[in-house]
Number of protein chains: 2
Amino acid sequence: MSARLSSNADYESLLDKYDTWMFDCDGVLWHGDRLIEGAVQVLDILRRRNKKVLFVTNNATKSRKSYKGKFDQLGVEAHVDEIYGSAYAAAVYISSVVKLPKEKKVYVIGMKGLEEELHDEGLSFLGGTDPADSTVEPFSLADFTLDPDVGAVVCGLDTAINYTKLSKAFQYLTRNPGCLFLATNEDSTYPAGGGLLPGAGAISAPLRYALGKDPIAIGKPASTMLDCIKAKVDYDPKRTIMVGDRLNTDILFGQNGGLATLLVLTGITTEAEITGPNASSIVPDYVTASIGDLRVLGE
Amino acid sequence: MSARLSSNADYESLLDKYDTWMFDCDGVLWHGDRLIEGAVQVLDILRRRNKKVLFVTNNATKSRKSYKGKFDQLGVEAHVDEIYGSAYAAAVYISSVVKLPKEKKVYVIGMKGLEEELHDEGLSFLGGTDPADSTVEPFSLADFTLDPDVGAVVCGLDTAINYTKLSKAFQYLTRNPGCLFLATNEDSTYPAGGGLLPGAGAISAPLRYALGKDPIAIGKPASTMLDCIKAKVDYDPKRTIMVGDRLNTDILFGQNGGLATLLVLTGITTEAEITGPNASSIVPDYVTASIGDLRVLGE
């Protein structure tokens, strides 16, 4: 059963126990363009107490650099090397784990941020935001020339998804021997404009269905993301806590990595999903209404 | 085990046993724009012997009327009332089985043929080929007005699929109470231009994934298609045979409907999938290399 946090003593005890604090962002620190009340103060308290702060997001539409712009815009202190996005983790995975040979290329279903991270890792890519592939015109297989150097297809959230991109990716995955199938993350939906829209997992779903095969998933809850953090940051899992608003991504990610977990109720997960007879089997260590609750420690 | 047909006597015996012959088209009668050798002669033989001939296709991009144009162009005799396509069956299902109230509308992910069949069944629809929805521009949920009269979303193969269509469909399916989720068919791929491209099942896959829910499937192998045929055609299942090139659509469809099944090897299914240790668990009653083999009966 999760511990419900509510008193100063609860929050003080939490700070004593954990040195590294990993945060999901949307639904935890902000909603779209609106800060969660108290979030900035709580991050300041953590920094003043010499806690290591990391931001771990499945958002694959932005590079870490442009994601930092989001923090700046909302007045939240963050440094690029504290930000771990699934686009960055996917690029690191391809360049450093898979070690895709230099002459090979990545076919991208995704947006500018994913391209930027691939570029920064020295990877060649095609597709993505290329205007030639951003079309709803019919795709002609007879007119398509297969590039034999494409060794991986990576899918992130792509709001310009279309049949040409899906068809080209499908050709690479079925006709180029050993071509890898990667997904930045498998979120079924994401919050936008006051509601939910289909997420990155929905963008890779057509290929998953056509191939009868699942992609290698990079983002939360997959441990690939944590492997990427491990390679760059020194932290003790026993003294690390993951803070998030989603049971099946954030909380599961923390649990898969042997971290403590704190669920906040300012995002996707509702009270009904953690209590009562239909509660999820994913049980966080701690629950609090909002990350802003911890600001009492600074008063 | 399947019976392998090869002699005149085999084919004669088959003709004696079955009065109604249901044919899949692509991979059985033709490949794209190329007739399978002997297919026309075999259909003529069947008609001369007073067999009932039906064409049962999962192709949802064409209405029956325009699909007849394909037969005409290839010189294959066919009548509109012999053609059962999944677009037609989906429209009949919505109008006659579900009985969608007159004031309700269908949101279409699909092409002109699907719209034509919905129109012919007296159904109102939106989406589909509407230029406003055929775009790769970003979709703004904040600017979207939900039409409360949308009572069903139907997905067929749509080569102009994009994020706006998926997002609108997702809103109707999550925000309009009781909104039905239908797929014309669930084919993972389809043959085109000398290879395979993602099929209608891949087009509904993003919604399936985002919703965590399967659509009601209309086409083969679902029995919904046969229910639609049953409503229009008088046939005895015991004296009916389904001829197809796909185990998991055509052959399974025949078996689900209590029909005999004949697999031809001119399409998707290869010899390796029906023989040896890795053979499929779907076993047709009969196998022959090509429907053209039966033309010996006319010699």
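With an unreviewed UniProt entry as reference, chain A is termed 4-nitrophenylphosphatase, source organism Mycena indigotica. In its Catalytic activity (unreviewed entry) section, UniProt records this for chain A: "4-nitrophenyl phosphate + H2O = 4-nitrophenol + phosphate + H(+)".

The pair of chain copies shares a relation made of a rotation about an axis and a shift along it. The transformation that overlays chain A on chain B combines an axial shift of 0.0 Å with a rotation of 180°, and the residual RMSD is 0.0 Å. Taken together, the turn and the small shift mark the pair as related by a two-fold rotation axis. A shared interface surface links the copies, since 100% of the contact residues of chain A are contact residues in chain B too.

All names here are of chain A. Under the present numbering, the feature "binding site: Mg(2+)" (unreviewed entry) in UniProt falls on D24, D26 and D245. These residues run over 222 residues, yet every pair of their C-alpha atoms falls within 8.4 Å of each other. Structurally, the position occupied by D24 is in the loop between β2 (20-23) and β3 (30-31). Here K220 takes part through its side chain, which lies 2.9 Å from a polar atom of the side chain of D24. Apart from residues no more than four positions distant in its own chain, D245 is found in contact with D24, D26, G27, V28, D250, L263, V264, G267, I268 and T269.

Through backbone hydrogen bonds, the strands of a sheet pair up, either in parallel or in antiparallel fashion. Residues and elements named next belong to chain A. The strand order β8-β7-β9-β10-β13 describes an open sheet built from five strands, whose pairing is parallel. Of all strands in the sheet, those bounded by a partner on one side alone are β8 (124-127) and β13 (216-217). As judged from the two bridges shared by strand β10 (residues 180-183) and β13, these two strands associate in the parallel manner. Its bridge partner lying in β13, L182 is registered against I216.

Residue and element names in this part refer to chain A. Relative to the assigned elements, S86 resides in helix α4 (residues 86-97). In this structure the side chain of S86 is engaged in a polar contact, spanning 2.6 Å, whose partner is the backbone oxygen of N58. S86 has contacts with T57, N58, N59, A60, T184, N185, I218, G219 and M225, leaving out every residue within four places of it along the chain.

Residue and element names in this part refer to chain A. Both strand β7 (residues 105-109) and β8 contribute to a ladder of four bridges, which runs parallel. Within β8, the position partnered with K105 by the bridge is S124. Each parallel crossover has a hand, and for β7 linked through helix α5 (residues 112-120) to β8 it is right-handed.

The rules behind each value
- Residues numbered from 1 in each chain as written.
- Chains lettered and ligands numbered in written order.
- Predicted model: local features only at pLDDT ≥ 70, side-chain atom pairs only at ≥ 80, totals over all residues.
- Heavy atoms only, no water.
- UniProt positions renumbered as here; feature names shortened; annotations may be inferred.
- Least-squares fit on C-alpha atoms with pLDDT ≥ 70 in both.
- Contact = heavy atoms within 4.5 Å.
- Helix = DSSP H or I, 4+ residues; strand = E, 2+ residues; numbered from the N terminus.
- Polar contact = N/O pair within 3.5 Å; in protein donor to acceptor, adjacent residues only side chain to side chain.
- Pairing = 2+ DSSP bridges.
- Right-handed = clockwise from strand over helix to strand, strands pointing away.

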